[in-house]
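# Inside the fold
Spelled out from the first residue to the last, the chains are:
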Amino acid sequence: QLAEAAGRTEAAAAVALQLAEAAGRAIERLKGGGGGGEGGLVEVHVHGPLLRLSLSSAPGGTHVDVSHEHYAKLAALHAKHAPSVAGNLRTRVLCMMLRYQSLGAHGNQCALPPAGFEVLRQRLGIRFECFASPLNARYDRYCSAFADTDAAFGSIGSFFGFRPTHGSFECNPPFVPEV
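Residues numbered from 1 in each chain as written. Predicted model: local features only at pLDDT ≥ 70, side-chain atom pairs only at ≥ 80, totals over all residues. Heavy atoms only, no water.

Next up on the list: the sheet that holds strand β3 (residues 63–67). Spatially, the three strands line up as an open sheet ordered β1-β2-β3, and their pairing is antiparallel. Bordering the open sheet on either side are β1 (42–47) and β3, each of which pairs with just one other strand. In this sheet, neighbouring strand axes are inclined to one another by 25° on average, regardless of whether the strands run parallel or antiparallel. Pairing of strand β2 (residues 50–55) with β3, which is carried by five bridges, proceeds in the antiparallel orientation. Counted as the bridge partner of Ser-54 is His-63 from β3. The strands touched by helix α3 (residues 68–81) are β1, β2 and β3; relative to β3, the strand with the most contacts, the crossing angle is about 90°. Contacts from helix α4 (residues 89–102) reach β1, β2 and β3, with the element oriented near 105° to β3. (Pairing = 2+ DSSP bridges. Helix = DSSP H or I, 4+ residues; strand = E, 2+ residues; numbered from the N terminus. Axes fitted to C-alpha atoms, helices over the stretch in contact; angles between N-to-C directions. Contact = heavy atoms within 4.5 Å.)

What follows is the structure, given as C-alpha coordinates:
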(Lines give C-alpha, C1' and ligand atoms only; values in the text may rest on other atoms or scores of the structure.)
Protein backbone atom coordinates (compact mmCIF):
# COMPACT_ATOMS: atom_id res chain seq x y z
CA GLN A 1 0.00 0.00 0.00
CA LEU A 2 2.90 2.34 0.74
CA ALA A 3 4.40 1.59 -2.67
CA GLU A 4 1.06 2.29 -4.35
CA ALA A 5 0.61 5.57 -2.47
CA ALA A 6 4.15 6.72 -3.15
CA GLY A 7 4.10 5.55 -6.75
CA ARG A 8 7.47 3.83 -6.49
CA THR A 9 8.70 0.85 -4.54
CA GLU A 10 12.00 2.60 -3.74
CA ALA A 11 10.19 5.63 -2.30
CA ALA A 12 7.94 3.40 -0.20
CA ALA A 13 10.95 1.48 1.10
CA ALA A 14 12.65 4.74 2.05
CA VAL A 15 9.56 5.93 3.94
CA ALA A 16 9.22 2.59 5.72
CA LEU A 17 12.90 2.73 6.72
CA GLN A 18 12.48 6.27 8.07
CA LEU A 19 9.46 5.16 10.10
CA ALA A 20 11.35 2.18 11.50
CA GLU A 21 14.34 4.34 12.43
CA ALA A 22 12.12 6.94 14.11
CA ALA A 23 10.35 4.19 16.06
CA GLY A 24 13.71 2.75 17.14
CA ARG A 25 14.89 6.17 18.37
CA ALA A 26 11.64 6.65 20.31
CA ILE A 27 12.02 3.24 21.94
CA GLU A 28 15.59 4.02 22.97
CA ARG A 29 14.48 7.35 24.48
CA LEU A 30 11.78 5.55 26.46
CA LYS A 31 14.22 2.87 27.63
CA GLY A 32 16.76 5.47 28.65
CA GLY A 33 14.33 7.65 30.55
CA GLY A 34 11.89 5.04 31.81
CA GLY A 35 14.07 3.32 34.40
CA GLY A 36 12.44 1.31 37.10
CA GLY A 37 10.70 4.15 38.92
CA GLU A 38 7.66 6.17 38.02
CA GLY A 39 9.58 9.24 36.87
CA GLY A 40 11.23 9.53 33.50
CA LEU A 41 9.76 10.78 30.27
CA VAL A 42 6.09 10.01 30.85
CA GLU A 43 3.99 12.64 32.54
CA VAL A 44 0.52 12.05 33.99
CA HIS A 45 -2.13 14.75 34.36
CA VAL A 46 -5.68 14.40 35.65
CA HIS A 47 -8.37 15.58 33.22
CA GLY A 48 -11.63 14.99 35.09
CA PRO A 49 -12.53 11.30 34.73
CA LEU A 50 -9.41 10.65 32.63
CA LEU A 51 -5.69 10.45 33.13
CA ARG A 52 -3.59 11.91 30.31
CA LEU A 53 -0.24 10.20 29.78
CA SER A 54 2.21 12.07 27.59
CA LEU A 55 5.84 12.12 26.62
CA SER A 56 7.47 15.15 28.17
CA SER A 57 9.74 15.56 25.14
CA ALA A 58 7.25 14.67 22.40
CA PRO A 59 6.51 17.25 19.74
CA GLY A 60 2.88 18.04 19.08
CA GLY A 61 1.59 16.85 22.44
CA THR A 62 1.66 13.09 21.82
CA HIS A 63 -0.58 11.61 24.50
CA VAL A 64 -3.21 9.04 25.37
CA ASP A 65 -6.19 9.38 27.67
CA VAL A 66 -7.22 6.52 29.93
CA SER A 67 -9.95 6.27 32.54
CA HIS A 68 -8.95 5.92 36.17
CA GLU A 69 -10.69 2.52 36.16
CA HIS A 70 -8.69 1.22 33.18
CA TYR A 71 -5.44 2.57 34.60
CA ALA A 72 -6.12 0.80 37.91
CA LYS A 73 -6.86 -2.43 36.01
CA LEU A 74 -3.63 -2.09 34.01
CA ALA A 75 -1.66 -1.36 37.20
CA ALA A 76 -3.04 -4.54 38.82
CA LEU A 77 -2.24 -6.65 35.73
CA HIS A 78 1.25 -5.13 35.55
CA ALA A 79 1.90 -5.84 39.25
CA LYS A 80 0.89 -9.47 38.67
CA HIS A 81 2.69 -10.16 35.38
CA ALA A 82 5.72 -7.86 35.37
CA PRO A 83 6.56 -6.86 38.95
CA SER A 84 10.32 -7.24 38.61
CA VAL A 85 10.73 -6.32 34.95
CA ALA A 86 12.61 -3.10 34.24
CA GLY A 87 10.47 -0.30 32.92
CA ASN A 88 7.78 1.60 34.69
CA LEU A 89 4.03 1.30 34.52
CA ARG A 90 3.45 4.72 32.95
CA THR A 91 5.86 4.00 30.11
CA ARG A 92 4.35 0.57 29.45
CA VAL A 93 0.77 1.92 29.47
CA LEU A 94 1.70 4.76 27.11
CA CYS A 95 3.53 2.45 24.68
CA MET A 96 0.70 -0.10 24.66
CA MET A 97 -2.01 2.49 24.14
CA LEU A 98 -0.07 4.35 21.45
CA ARG A 99 0.36 1.05 19.60
CA TYR A 100 -3.40 0.45 19.50
CA GLN A 101 -4.09 4.12 18.77
CA SER A 102 -1.67 4.08 15.81
CA LEU A 103 -3.84 1.43 14.18
CA GLY A 104 -7.01 3.40 14.72
CA ALA A 105 -8.04 0.89 17.36
CA HIS A 106 -8.43 1.46 21.03
CA GLY A 107 -8.05 -2.11 22.24
CA ASN A 108 -11.78 -2.60 22.52
CA GLN A 109 -14.31 -4.54 20.50
CA CYS A 110 -17.79 -5.90 20.99
CA ALA A 111 -17.69 -8.61 23.60
CA LEU A 112 -19.84 -10.49 26.03
CA PRO A 113 -21.13 -8.50 28.97
CA PRO A 114 -19.45 -9.26 32.33
CA ALA A 115 -22.31 -11.59 33.31
CA GLY A 116 -21.63 -13.68 30.18
CA PHE A 117 -17.96 -14.07 31.10
CA GLU A 118 -18.99 -15.08 34.60
CA VAL A 119 -21.26 -17.82 33.25
CA LEU A 120 -18.40 -19.13 31.09
CA ARG A 121 -16.08 -19.13 34.10
CA GLN A 122 -18.56 -20.86 36.42
CA ARG A 123 -20.03 -23.42 34.00
CA LEU A 124 -17.07 -24.20 31.74
CA GLY A 125 -14.06 -23.18 33.83
CA ILE A 126 -12.96 -20.63 31.23
CA ARG A 127 -10.26 -18.27 32.43
CA PHE A 128 -8.57 -17.40 29.14
CA GLU A 129 -9.49 -15.24 26.14
CA CYS A 130 -8.16 -15.96 22.67
CA PHE A 131 -8.62 -12.41 21.34
CA ALA A 132 -8.25 -9.53 23.78
CA SER A 133 -6.15 -6.51 24.65
CA PRO A 134 -4.98 -5.21 28.02
CA LEU A 135 -7.88 -2.77 27.88
CA ASN A 136 -10.70 -5.25 27.31
CA ALA A 137 -9.33 -8.49 28.77
CA ARG A 138 -11.70 -10.01 31.29
CA TYR A 139 -9.25 -12.64 32.53
CA ASP A 140 -5.65 -12.29 33.74
CA ARG A 141 -4.24 -14.29 30.79
CA TYR A 142 -5.16 -13.85 27.15
CA CYS A 143 -3.85 -13.67 23.61
CA SER A 144 -3.43 -10.25 22.02
CA ALA A 145 -2.10 -8.68 18.86
CA PHE A 146 1.11 -7.29 20.40
CA ALA A 147 3.09 -9.42 22.82
CA ASP A 148 5.89 -6.85 23.01
CA THR A 149 3.69 -4.16 24.56
CA ASP A 150 0.96 -6.35 26.08
CA ALA A 151 2.95 -9.08 27.88
CA ALA A 152 3.52 -6.89 30.93
CA PHE A 153 -0.28 -6.85 31.31
CA GLY A 154 -0.85 -10.63 30.95
CA SER A 155 -0.81 -11.34 27.20
CA ILE A 156 0.90 -14.53 26.05
CA GLY A 157 1.11 -13.28 22.45
CA SER A 158 -0.83 -13.92 19.29
CA PHE A 159 -3.69 -16.40 19.17
CA PHE A 160 -2.20 -17.72 15.93
CA GLY A 161 0.86 -18.92 17.85
CA PHE A 162 -1.19 -20.27 20.78
CA ARG A 163 -0.95 -24.07 21.10
CA PRO A 164 -2.92 -25.22 24.15
CA THR A 165 -2.98 -28.90 25.00
CA HIS A 166 -6.16 -28.81 27.07
CA GLY A 167 -8.72 -26.45 28.56
CA SER A 168 -11.67 -24.25 27.65
CA PHE A 169 -11.23 -20.85 26.05
CA GLU A 170 -13.39 -17.86 25.18
CA CYS A 171 -12.88 -16.99 21.50
CA ASN A 172 -14.43 -13.82 20.10
CA PRO A 173 -12.23 -12.77 17.15
CA PRO A 174 -12.28 -9.20 15.85
CA PHE A 175 -14.86 -8.52 13.17
CA VAL A 176 -12.23 -8.22 10.45
CA PRO A 177 -12.35 -10.45 7.35
CA GLU A 178 -8.58 -11.15 7.51
CA VAL A 179 -8.96 -12.71 10.95
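After that view of the structure, there is still more to cover.
Leu-53, Tyr-71, Val-93, Met-96, Met-97 and Phe-153 are the most contacted members of the largest nonpolar core, which has 24 residues in total. When contributions to this core are tallied by element, the ones reaching two or more residues are β2, β3, α3 and α4. With six residues, the top contributor of residues to this core is α4. Residues in contact with Phe-153, not counting those within four places in the same chain, are Leu-74, Leu-77, His-78, His-81, Leu-89, Arg-92, Val-93, Met-96, Pro-134, Asp-140 and Tyr-142. Counting five residues, the second largest nonpolar core, distinct from the first, contains Phe-128, Cys-130, Cys-143 and Phe-162. (Core = buried A, V, L, I, M, F, W, Y, C linked by side-chain atoms within 4.5 Å. Buried < 20%, exposed > 50% of the residue type's maximum accessible area, 1.4 Å probe, protein only.)

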